[in-house]
Amino acid sequence: MTQETHDPESGERRPPSRRTVLAAMGALPVLTTTTTTMTTASASASASASASASASVKGTSGTAAATTAVVDPAARRQTIRGFGGMTHAAWAGDLTAAQRDTAFGTGEDRLGLSVLRIPVPENQADWSRDLATAQRAAELGATVFASPWNPPAHMVETFVHGSQTNARRLRHDMYGAYARHLNDFDGFLRNHGVSLYGISVQNEPDYAHDWTWWTPGELVRFLRENAGSLGTRVIAPESFNYTKSVSDPVLNDPAALANVDIIGTHLYGTPFTNAVPDSRTRCRTRATVRCRSRPPTPMRRTTPRTPAR
């Protein structure tokens, strides 16, 4: 192939229709808060008094509505591992050296981002494309993880998916080879000074008009039979809007779940109540890229697997 299927055509990426819809939704809510530290004993008594957080939310109409949020520092709800973003040089160009320091550095005029997501290019010749940014982010202490859009072309077959006659999916006889592909990318980065925190099986397997489709059953099969050979933490399923019909089959299959470390999520248009009830680390791999773990159940592994070759 002369061009990856997820690369922009004629130098310009055609954005999925979902992103156009999201952009048309207007301004996102802006939340500003002020908090007063309080003790646990006084939390309930001061719920609407001086311990309250004052907030304003600006909607798409431009009008502001006042509301109240109560902050109790003693009540731990979740652990937020960090905030960050993604670099995808094939789509938007790489960061400059100065931009890398601004994004991941700390101190004055620095953003202090602590998480970086990078793609897994399908062609090995392109594996160094996002390397410089990953290296600098890692040097500055950021957590780096990776998501693939497509397997190598020789591992893919086309099929009919609804009205899409040229849909792509990973050939079932290539699951082992695909696991080795992901391991090889992990090894490439490690040999160049970047230790991946985790690697995803697939970016948005349920919104794959422009990349590779996976059914929940296919994800479960790969996780059960092949993901155990991966040499770093495994991220799945990365549904484009936290769809339970994609994540529940993974969570309900003990053999598949045993090989999953991080529940990857995208929250495009996702209802707040559509949350996965599992204690594994959760990683919001798009938008604000937020990884979080929910105690008391610890992660199954604290060190990467030894890859099976």
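As shown above, the structure is provided for reference.
Please read these numbers as outputs of a predicted model, since none were measured by experiment.

The two faces of strand β12 (residues 262-265) match: Ile-262 and Gly-264 on one face and Ile-263 and Thr-265 on the other face are all buried. The pairing of strand β11 (residues 233-239) with β12 spans four bridges and is parallel. Note that in β12 the partner of Pro-237 across the bridge is Gly-264.

Before going further, it helps to examine the sheet that holds strand β7 (residues 156-161). As summarised here, the arrangement of the three strands in space is β7-β8-β10, forming an open sheet in which the pairing is mixed. In this open sheet, the two strands that pair with only one neighbour each are β7 and β10 (212-213). In this structure, β7 lies alongside strand β8 (residues 164-170), joined through five bridges in antiparallel fashion. Bridge pairing in β8 places His-161 opposite Gln-164.

This brings us to the nonpolar core. Formed by 43 residues in total, the largest nonpolar core has its most connected members in Ile-118, Phe-185, Val-201, Phe-222 and Leu-223. When sequence neighbours within four positions are dropped, the list of residues in contact with Val-201 reads Pro-148, Tyr-178, Trp-214, Leu-219, Phe-222, Leu-223, Val-234, Ile-235 and Ala-236. Residues Trp-149, Phe-159, Trp-211 and Trp-213 belong to the second largest nonpolar core, which totals six residues.

With respect to the element layout, Arg-100 can be found in helix α4 (residues 97-104). Among the residues examined, Arg-100 registers a relative accessible area of 13% and is labelled buried. Once you skip the residues sitting within four places of it in the chain, Arg-100 turns out to touch Asp-94, Leu-95, Gly-105, Ala-132, Thr-133, Arg-136 and Leu-140.

Once that is clear, we can look at α4. The complete set of buried residues in α4 reads Arg-100, Ala-103 and Phe-104. For α4, the angular spread of buried residues about the axis comes to 75°, placing them on one side. Each element contacted by the buried residues of α4 is listed here: β5 (115-120) and α5 (131-139).

Bringing the packing of aromatic side chains into the picture now. The tally for this structure, following the rule as stated, stands at ten aromatic pairs. On the numbers, 5.8 Å between centres and 35° between planes, the contact of Tyr-175 with Trp-214 is tilted. Taken together, the positions of Tyr-175 in helix α6 (residues 175-191) and Trp-214 in the loop between β10 and α7 (216-225) put the pair 39 residues apart, joining distant regions of the chain. You can call Tyr-175 buried: its relative accessible area is 3%.

Here the focus is unusual backbone geometry. Cis geometry is found at the peptide bond from Ala-236 to Pro-237, where omega equals -5°. Structurally, Pro-237 is set in strand β11. For Asp-109, which is not glycine, the phi dihedral falls at a positive 65°. Within the fold, Asp-109 resides in the loop between α4 and β5. The exposed category is assigned to Asp-109, whose relative accessible area is 63%. Even without being glycine, Glu-204 reaches a positive phi, approximately 40°. As for its position among the elements, Glu-204 is in the loop between β9 (198-200) and β10. Glu-204 gets classed as buried once you look at its relative accessible area, which sits at 0%.

What counts and how
- Residues numbered from 1 in each chain as written.
- Predicted model: local features only at pLDDT ≥ 70, side-chain atom pairs only at ≥ 80, totals over all residues.
- Heavy atoms only, no water.
- Buried < 20%, exposed > 50% of the residue type's maximum accessible area, 1.4 Å probe, protein only.
- Helix = DSSP H or I, 4+ residues; strand = E, 2+ residues; numbered from the N terminus.
- Pairing = 2+ DSSP bridges.
- Core = buried A, V, L, I, M, F, W, Y, C linked by side-chain atoms within 4.5 Å.
- Contact = heavy atoms within 4.5 Å.
- Arc of directions from axis to C-beta.
- Phe/Tyr/Trp six-rings, centres within 6.5 Å; stacked < 30°, edge-to-face > 60°.

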